Amino acid sequence: MKVLLTGGAGFIGSHTCVELIESGHEVAIVDNFSNSKPEVLNRIARITGKDPVFFEADVTDKSEMRYIFDNNNFDAVIHFAGFKAVGESVAKPLMYYRNNLDSTITLIEVMQEYGVNNVVFSSSATVYGESNKPPYNENMPTSTCTNPYGTTKLISEQIFTDATVANKDLSVVLLRYFNPIGANPSGLIGEDPAGIPNNLFPYVAKVAGGKLEKLGIFGNDYPTPDGTGIRDYIHVVDLAKGHVKALEYAVAHKGVEAINLGSGKGHSVFEVVQTFMKVNDVAVPYEIKPRRAGDLAESYANAEKAERLLGWKAELSLEDMCRDMWRWQTQNPNGYDTKNQ
Ligand code: UDP
């Protein structure tokens, strides 16, 4: 199948690109490098032996999107493009609403103009909000999120759902990600956050690599067995394989389905830090800090629907995630910035 990946140069997009190529699909990427680097394209080619077709463009720009659809016959789209930093979204809500919603609407409009009916959307477990209790399942009511980033995911899900009600030919899979981490086992592609990382795993890897002094653990007084926050970490290669399955599902069905991509297991911050140190034989100095505003005590998936509908489940362990994350960090201490390694 011929697939367009919006935001395909990013962390999850690049890993999905590799898995799609390795499953025999043809891939084109559209990305404006707002939070990614051109070097990732060389790395994808080194892993797969194939150069994905690439368009440098903004998904909110309808004329550029029309140009891309004019020159390709896509069977399906995976829509990754979007801003994703929770804290930044609180400081710049309009920028987040403008970019993340405009890109979703523009993409659906252009897909409809060109008769492309299958789409997989990068959503997030954040749509379960604060009132549901984990394990989260897809039948739970979604609710307003604590930050504009999360709200853009919730509204985008609604936009896709409404578009599907109005257009019976459309087929949409909304993938609700839990906490994607790790890297391709080649060590050639991985997460390369701009500036100081906000998320736990990239921060741990930078502390272990000596780029940052100490990890701050945000709270050890949660009502969890060791007092630290619990999350459902999922290896990005498992997640990427879930996209291949979701795409095949979308093409074979009509209508809209929300599906969790998580492991179904929760790990605490202490467990993550200890596993990282043990598996990689490296020190991760840390200190306990106050809770971070907006953090939940625990979040993990009920992962049964993905197994039932997609025949997919997470295979890789927390140890694998720690090992692959560390390989990526040691081989690329400055991410894709190859000049300053
Ligand atoms: N966390 C932490 N220190 C950090 C970053 C995160 O203790 O520097 C904790 C955070 O409070 C949460 C877990 O690690 O319990 C995962 O946080 P992350 O930001 O990676 O994911 P999210 O909270 O968005 O699920």
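Whatever comes next refers back to the structure up there.
These numbers come from a predicted model, not from an experiment. (Residues numbered from 1 in each chain as written. Predicted model: local features only at pLDDT ≥ 70, side-chain atom pairs only at ≥ 80, totals over all residues. Heavy atoms only, no water.)

Novice: Which residues make up helix α3 (residues 62–70), and what are the values?
Specialist: At 3.6 residues per turn, the α-helix brings residues three or four places apart onto the same side. The set of residues buried in α3 consists of Met 65, Ile 68 and Phe 69. Projected down its long axis, α3 shows its buried positions confined to an angular sector of 95°, all on one face. Opposite the buried face of α3, by more than 90 degrees, sit the exposed residues Tyr 67 and Asp 70. In this structure, the buried residues of α3 make contact with β1 (2–6), β2 (26–31), β3 (53–56), β4 (76–79) and α5 (93–113). (Buried < 20%, exposed > 50% of the residue type's maximum accessible area, 1.4 Å probe, protein only. Helix = DSSP H or I, 4+ residues; strand = E, 2+ residues; numbered from the N terminus. Arc of directions from axis to C-beta. Contact = heavy atoms within 4.5 Å.)

Novice: Mind laying out the sheet that holds strand β6 (residues 171–177), listing which residues take part and the relevant values?
Specialist: Judged by pairing direction, the sheet is parallel, and its 7 strands sit side by side in the order β3-β2-β1-β4-β5-β6-β11 without closing on themselves. Two strands in the sheet have a free side with no partner beyond their single neighbour: β3 and β11 (255–261). The mean angle between the axes of side-by-side strands here comes to 20°, regardless of whether they run parallel or antiparallel. Strand contacts of α5: β1, β4 and β5 (118–124), with the helix running at about 180° to β4, the strand carrying the most contacts. (Pairing = 2+ DSSP bridges. Axes fitted to C-alpha atoms, helices over the stretch in contact; angles between N-to-C directions.)

Novice: Help me get a handle on helix α2 (residues 39–48), residues and values and all.
Specialist: With 7 of 10 residues buried, α2 lies mostly within the body of the structure. Residues of α2 that are buried include every one of Val 40, Leu 41, Arg 43, Ile 44, Ala 45, Ile 47 and Thr 48, and no others. On its buried side, α2 packs onto α1 (11–22), β2, β3 and α11 (318–331). Downstream of α2 by one or two residues, Gly 49 has phi in the positive range, about 75°.

Novice: Outline the layout of surface pockets, listing residues and values.
Specialist: The volume enclosed by the second largest pocket comes to roughly 200 Å³. As for the second largest pocket, its lining consists of 16 residues, and the residues nearest its centre are Ser 263, Lys 265, Ala 314, Glu 315 and Leu 316. Taken together, the elements giving at least two residues each to the lining of the second largest pocket come down to α10 (304–310) and α11. Residues belonging to the lining of the second largest pocket are distributed by class as follows: 8 nonpolar, 4 polar and 4 charged. (1 Å grid on protein atoms, 1.4 Å probe; cavity = no way out; pocket = protein on both sides within 12 Å on 5 of 7 lines; lining within 4 Å. Points joined across faces, edges and corners; volume = space filled by probe spheres on them. Nonpolar A, V, L, I, M, F, W, Y, C, P; charged D, E, K, R; others polar.)

Novice: Mind laying out empty space enclosed by the protein, listing which residues take part and the relevant values?
Specialist: Enumeration according to the criterion identifies 2 cavities of 30 Å³ or more in this entry. Empty space within the largest cavity amounts to approximately 80 Å³. If you go around the largest cavity, the residues you meet are Glu 191, Asp 192, Pro 193, Pro 202, Ala 205, Lys 206, Met 325, Trp 328, Gln 329, Asn 332 and Gly 335. Of all elements in the fold, only α7 (200–208) and α11 reach the threshold of two or more residues within the lining of the largest cavity. Looking at the lining of the largest cavity residue by residue, the class counts come to 5 nonpolar, 3 polar and 3 charged. Looking at the second largest cavity, its volume works out to about 50 Å³. Considering the residues around the second largest cavity, the lining is formed by His 79, Ala 81, Gly 82, Asn 100, Ser 103, Thr 104, Phe 121, Thr 152, Lys 153 and Ser 156.

Novice: Describe the site of the ligand, and please don't skip the residues or the numbers.
Specialist: The immediate surroundings of the ligand are formed by 14 residues, with Leu 200, Gly 216, Arg 231, Arg 292 and Asp 295 found nearest. A distance of 2.9 Å is found between an oxygen atom of the ligand and a backbone nitrogen or oxygen belonging to Phe 218. Within the side chain of Arg 231, a nitrogen or oxygen atom sits 2.8 Å from an oxygen atom of the ligand. Considered on its own, the ligand offers 520 Å² of accessible surface; in the complex 87% of this is hidden by protein. Across the shell around the ligand, the residue classes tally to 6 nonpolar, 5 polar and 3 charged. (Near = heavy atom within 4 Å. Polar contact = N/O pair within 3.5 Å; in protein donor to acceptor, adjacent residues only side chain to side chain. Areas by Shrake-Rupley, 256 points an atom, 1.4 Å probe, with all protein chains shown as cover.)

Novice: Give me the lowdown on the packing of aromatic side chains, citing residues and values where you can.
Specialist: Counted by the stated rule, this structure contains 12 aromatic pairs. With centroids separated by 5.9 Å and ring planes inclined at 55°, the aromatic side chains of Phe 270 and Tyr 286 adopt a geometry described as tilted. Of this pair, Phe 270 sits in helix α9 (residues 269–280) while Tyr 286 sits in strand β13 (residues 286–289); the two residues are 16 residues apart in sequence, bridging distant segments of the chain. Classification of Tyr 286 as partly exposed rests on a relative accessible area of 36%. Measuring from ring centre to ring centre gives 5.9 Å for Phe 276 and Trp 326, while their planes differ by 80°; the resulting arrangement is edge-to-face. A residue pair is termed long-range when its members are at least 10 positions apart, and Phe 276 in helix α9 and Trp 326 in helix α11 qualify at 50 residues. A single burial state applies to Phe 276 and to Trp 326, both of which are buried. One aromatic cluster is present, formed by Phe 201, Tyr 233, Phe 276 and Trp 326 through successive ring pairs. If you follow Arg 291 out to its NZ or CZ, it ends over the ring of Tyr 222, 4.0 Å from the centre. (Phe/Tyr/Trp six-rings, centres within 6.5 Å; stacked < 30°, edge-to-face > 60°. Lys NZ or Arg CZ within 6 Å of the ring centre and 35° of its normal.)

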